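So the chains spell out like this:
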Amino acid sequence: MTAPAWPRTAVALTETHVAMTTLRRRSGEFEPVNLGVTRLPKGLIQASFTELNITNEADLLDKLRETATQAGQRRARRVAVTLPSGSARSLVFTLDTLPQSRRELEQMIAWKIERSVGSKLSELRIDHQRLSDFNGRSFWLASAVHERVAEQYERVFSQLGWKAGLLLPQALGEAQWLLRTGFSDDQALVSLNENGFDAVITRGDEPILVREVVCTPEEREDEFYRLLVFYRDRLMPESGPATLTRMLTLGTAYEQKRFREVLASALENSAISLDPTQVGLRVEPSAAFKDFAAAAGVATLAWGH
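All of these numbers come straight from a predicted model, not from anything done at the bench.

Cut-offs applied
- Residues numbered from 1 in each chain as written.
- Predicted model: local features only at pLDDT ≥ 70, side-chain atom pairs only at ≥ 80, totals over all residues.
- Heavy atoms only, no water.
- Buried < 20%, exposed > 50% of the residue type's maximum accessible area, 1.4 Å probe, protein only.
- Helix = DSSP H or I, 4+ residues; strand = E, 2+ residues; numbered from the N terminus.
- Pairing = 2+ DSSP bridges.
- Axes fitted to C-alpha atoms, helices over the stretch in contact; angles between N-to-C directions.
- Parallel < 35°, antiparallel > 145°, perpendicular 65-115°, else oblique.
- Contact = heavy atoms within 4.5 Å.
- Nonpolar A, V, L, I, M, F, W, Y, C, P; charged D, E, K, R; others polar.
- Salt bridge = Lys/Arg side-chain N within 4 Å of Asp/Glu carboxyl O.

*Asks:* In this structure, what is going on with the pairing of strand β10 (residues 196–203)? I would like to understand it.
*Replies:* Burial of β10 is extensive: seven of the eight residues sit out of reach of the surface. Bridge count between strand β9 (residues 186–193) and β10: eight bridges; the pairing is antiparallel. Residue pairing across strands places Leu192 opposite Phe197, the latter belonging to β10. Where β9 hands over to β10, the hairpin turn is made up of two residues, counted between the paired strands.

*Asks:* Quick question: what am I supposed to make of the packing of helix α4 (residues 170–179) against helix α7 (residues 289–299) here?
*Replies:* Packed helix pairs are specified by the crossing angle of their axes together with the interaxial distance, meaning the distance between the axes. In contact at an axis separation of 7 Å, α4 and α7 are set at 85° when each is read in the N-to-C sense. The pairing of α4 with α7 is recorded here as roughly perpendicular in orientation. In this structure, α4 uses Gln170, Gly173, Glu174, Gln176 and Trp177 to contact α7, whose residues at the interface are Phe289, Ala293, Ala294, Ala296, Gly297 and Val298. For the contact of α4 with α7, the residue count by class is six nonpolar, four polar and one charged.

*Asks:* What is the right way to read the pattern of salt bridges from this model?
*Replies:* Any two side chains of opposite charge can pair if their charged atoms end up close together. In this structure the tally under the stated criterion is 18 salt bridges. A salt bridge links Asp291 to Lys290; the nearest nitrogen and oxygen atoms lie 3.4 Å apart. Judged by relative accessible area, Asp291 falls into the buried class, the value being 18%. Taken together, the shared-partner salt bridges in this structure form one network comprising Arg24, Glu29, Glu31 and Arg282.

The following block contains the structure:
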């Protein structure tokens, strides 16, 4: 995820909003040149990994045009796109041993991905990369989008003259704000939605855990606690204190406080809550960062890490 020449204009789609922004970089910080955020009618996008997401393509096309007008991007050609939580999947997996041949390695990775997402490799668009080893095991990051899901979104984009140079799961777009800091301690992203939450834990400039959790709003905190117990038992360094010290929660101020308290309880250490300025985004305090964090995050990839 460090390839050059990715577009500085990005679009983020969720079940409730579409956001579009173009970034510029000044003195190491990012700033939206233009920004458009539009609320979507309920049910227009129904996130699914295997089934078509858009219930009315003409209506979504209208909403995308409206958002592009707000963002001053009616003539955009190349865009990076994040898909709704549930429409694309990411996973971090381990290989205890590495096979001798490249072909065997690819087969092993394919088996891991197929087993995790429940679809045949021939039906998917996938991207994978090796991460840093940990405790003698090789770690890998993979992202997958079902072909029929990607094709439907691209069909709508093509009517606007857009070419999607990059399709990413929403959480990986949002996690770019943590990944690009290169902060040595572990950091957590929690992105809340109506169906649960996405969580990404980063170490330096790599994710070490990516999880999509489907649950009711009342179950979120318990599910987050369980995820942190897994992190504590499996992913924390074997010696020394807990190092997860920074947390970016995309939700209300109350939700930020509650999830920070859950982390303190699970790991017995406190973490600071991050805001846009602390992760390098210069934006008005009143801006609804959670609605465009993914679009702005994936747009930063135009500059690499």
